[in-house]
Amino acid sequence: MQRTKGIKRAQFLAGMASAGLAAAVLPSAPARAAEAGPDRTTRSGLRHRGVVYTVGEGETPGTAFSTARMRADIRAIRDELHADTVDVTGDGVERLTATAAEAAEQGLRVWLQPTLGDVPERDILEHLAETGRFAERLRRQGAAVDLSVGCEFWLFVPGIIPGDDVFERIRNLLDGKADPVATQRRLDRFTAKAAALGRSVFHGRLSYAAAQDARVDWRLFDIVGIDYYSCFPHRDDYVRELRRFQRWGRPVAITEFGTCAYVGAPRTGGMGWDVVDRDKDPEEIKGDLVRSERTQATYLMQLLYAFGPLDLYAAMAFEFVTPDAPHRPGDPRRDLDMASYAITKTVKDRPDDPASGWHWEPKEAFHALARRYRYAGAGHRHGA
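Note that the coordinates shown come from a computational prediction; the quantities given were computed from them, not determined experimentally. (Residues numbered from 1 in each chain as written. Predicted model: local features only at pLDDT ≥ 70, side-chain atom pairs only at ≥ 80, totals over all residues. Heavy atoms only, no water.)

1. A closer look at the pattern of salt bridges
Put simply, the rule reads: A carboxyl oxygen of Asp or Glu within 4 Å of a side-chain nitrogen of Lys or Arg is what we treat as a salt bridge. Where helices and strands are cited, they refer to DSSP runs of H or I of at least four residues and of E of at least two residues respectively, numbered from the N terminus. Each residue is assigned to one of three classes by its accessible area relative to the maximum for its type, calculated with a 1.4 Å probe on protein chains only: buried under 20%, partly exposed between the two thresholds, exposed over 50%.
All told, the structure shown has 27 salt bridges when counted by the stated rule. Its salt-bridge partner being Arg 49, residue Asp 84 comes within 3.3 Å of it at the nearest N-O pair. Here Asp 84, found in the loop between helix H3 (67-79) and strand S2 (85-90), pairs with Arg 49, found in strand S1 (residues 46-55); they are 35 residues apart in sequence, far enough to count as distant. Both residues of the pair, Asp 84 and Arg 49, count as buried. Arg 95 is the partner of Asp 91 in a salt bridge, and the nearest nitrogen-oxygen pair spans 2.9 Å. Among the charged side chains, a salt-bridge network with shared partners connects Arg 291, Glu 293, Asp 335, Asp 337, Lys 345 and Lys 363.

2. Remarks on empty space enclosed by the protein
Applicable threshold: Any residue with an atom within 4 Å of a point lines the site, the site being either a cavity, points on a 1 Å grid over the protein atoms alone where a 1.4 Å probe fits but cannot get out, or a pocket, an open set with protein on both sides within 12 Å along at least 5 of 7 lines. Grid points are joined across faces, edges and corners, and a volume is the space filled by probe spheres set on the points. When residues are sorted by character, Ala, Val, Leu, Ile, Met, Phe, Trp, Tyr, Cys and Pro go into the nonpolar class, Asp, Glu, Lys and Arg into the charged class, and all the rest, Gly among them, into the polar class.
Enumeration over the complete set of coordinates arrives at 4 cavities of 30 Å³ or more. The space that makes up the second largest cavity amounts to roughly 100 Å³. For the lining of the second largest cavity, the elements supplying multiple residues, two or more each, are helix H5 (121-140), strand S4 (145-151), helix H6 (153-156) and helix H8 (180-201). Tallied by class, residues from the lining of the second largest cavity come to 12 nonpolar, 3 polar and no charged.

3. Describing the confidence of the model for the protein chain
The cut-off we apply is this: What pLDDT conveys is the predictor's confidence in a given residue, as a value from 0 to 100. Contact definition: two residues touch when any of their heavy atoms are within 4.5 Å.
Chain-level statistics for the protein chain give a pLDDT mean of 88 and a share of 87% at 70 or above. Ignoring residues within four places in sequence, the model shows residues 1-19, a span with pLDDT below 50, making 70 contacts including any to other chains. Below a pLDDT of 50 lies the segment residues 28-44, which in the model reaches 43 contacts outside its immediate sequence neighbourhood of four places, other chains included.

4. Some details on the packing of aromatic side chains
The criterion, for reference: Stacked, edge-to-face and tilted labels apply to pairs of Phe, Tyr and Trp rings (six-membered ring for Trp) whose centres lie within 6.5 Å, assigned for plane angles under 30 degrees, over 60, and everything in between, in that order.
Applying the stated criterion across every chain yields a total of 14 aromatic pairs. On the basis of an interplanar angle of 80° and a centroid distance of 4.7 Å, the ring pair of Phe 153 and Phe 190 is categorised as edge-to-face. Here Phe 153 is found in helix H6, whereas its partner Phe 190 is found in helix H8, with 37 residues between them in sequence. For the pair Phe 153 and Phe 190, one class covers both residues: buried. An angle of 40° between the planes, with centres 6.2 Å apart, marks the rings of Tyr 208 and Trp 218 as tilted. Remark: Trp 218 occurs in the loop between strand S5 (206-211) and strand S6 (224-227) and Tyr 208 occurs in strand S5; sequence separation between them is 10 residues.

What follows is the structure in C-alpha cells.
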C-alpha cells in the first residue's frame, strides 16, 4: 500500500468537536430497537476498562513513533494503569499492527481502530482492509480482539461533507454549508461500505466509533461505539442520555471519554482542545486558563460512576499520551498539555528543541483511573 497522509494531532483532536457539531447537521439516532446482537453484556457495571493509545508519525523528529517506547507504554497500561483493554488507533498499518500485536502479546484485549483520513476513499478502505486482515490473524491465534472500522466518518472522510480537510469541513458545518439530507445519505453509504469490508476480512465483533449525536444504522455492527463528551451535573442525566444507545439491543462501548486539564474544561465537551493559538510560533494557550489536573481526574471518575448501572461492554479513556502537547511547568502560556486529553503529561528534555527526547509522567487522572481499574479488575477476578 502506498504511504498516504494521516491526520495530525490538531486534526485528530478537532474530530472530538463533532460531538457538538453533529447535532447541527445530522438527524438524531432513531429510537427503534433491533434484535439483540451477539454477546450482549449481562454483567452489571463495566465489562472492559481501557484507554486509547494513538499511533502516528509524530509532528517533530523527537515525537516520531518508537517501537521501544510503544512496548514500554503498553506494559504501563497493563501493569500501572491496570487496564484490560487498549484502543489502538491512528494511521499507518505497520504502526497499528505492531502495537496491536504487542498489546495481545502482553495479554490485553485489543480494540483495533484504523483512522486514516483526508485521503481518497479507496485509500481509507484499503487501509481498513489491511488492518482488518491483521486483526483476523490475531483473533485466529487466540487473541481477544475487536475491530472498529473507523471514527466519525462524516468528519474525516472526504466527500461526505464539503471541504478539502477536516478544518474546512468544520467551517462549512458551522457556516451551514452542509446539506443534512445529502450528508446523511453519503454517510450511510460509506458506513455500509466500510462495515461490509470489515465483515469480509474480520470475523470477530465489529464496531464503529460514532459521534454521540450522529445517526448510525447499528444493525450493521455487533457493538455500538460512541465517542462521549457530555457534561451534566447529575449521574442520572448521563444514564438517561446513554440509555438510548441500548435501544438497538447491542452491547455499547464508550470508545472515547475524557477532558482536558484546566478549570472549566468538562463544560467544553469535545472542544476542550480549542484553547491553543496555532497561528503563533511557538503555539500558545489563549486566555488565562488555570491548570487543574484535578478537574480532569474528577470528570473521568464522574463518568465511570455514571457508566456503572449501564452494563457497558467497554469504556476507553481518551487518551494515554499526546507527545506533541508538552507540559511546561511554570509557563502557563506555553503549557500545551493543558489542552491535551491525555492522562499523562509529556515532558521534554530540551523544551525548545524539536528533536529533543521526552518522557511522560502520570497526571492525577492516571492515578484515579488506575485505582478504579485495579479495584474493578480485582472484583471481576473474584466473581464480583
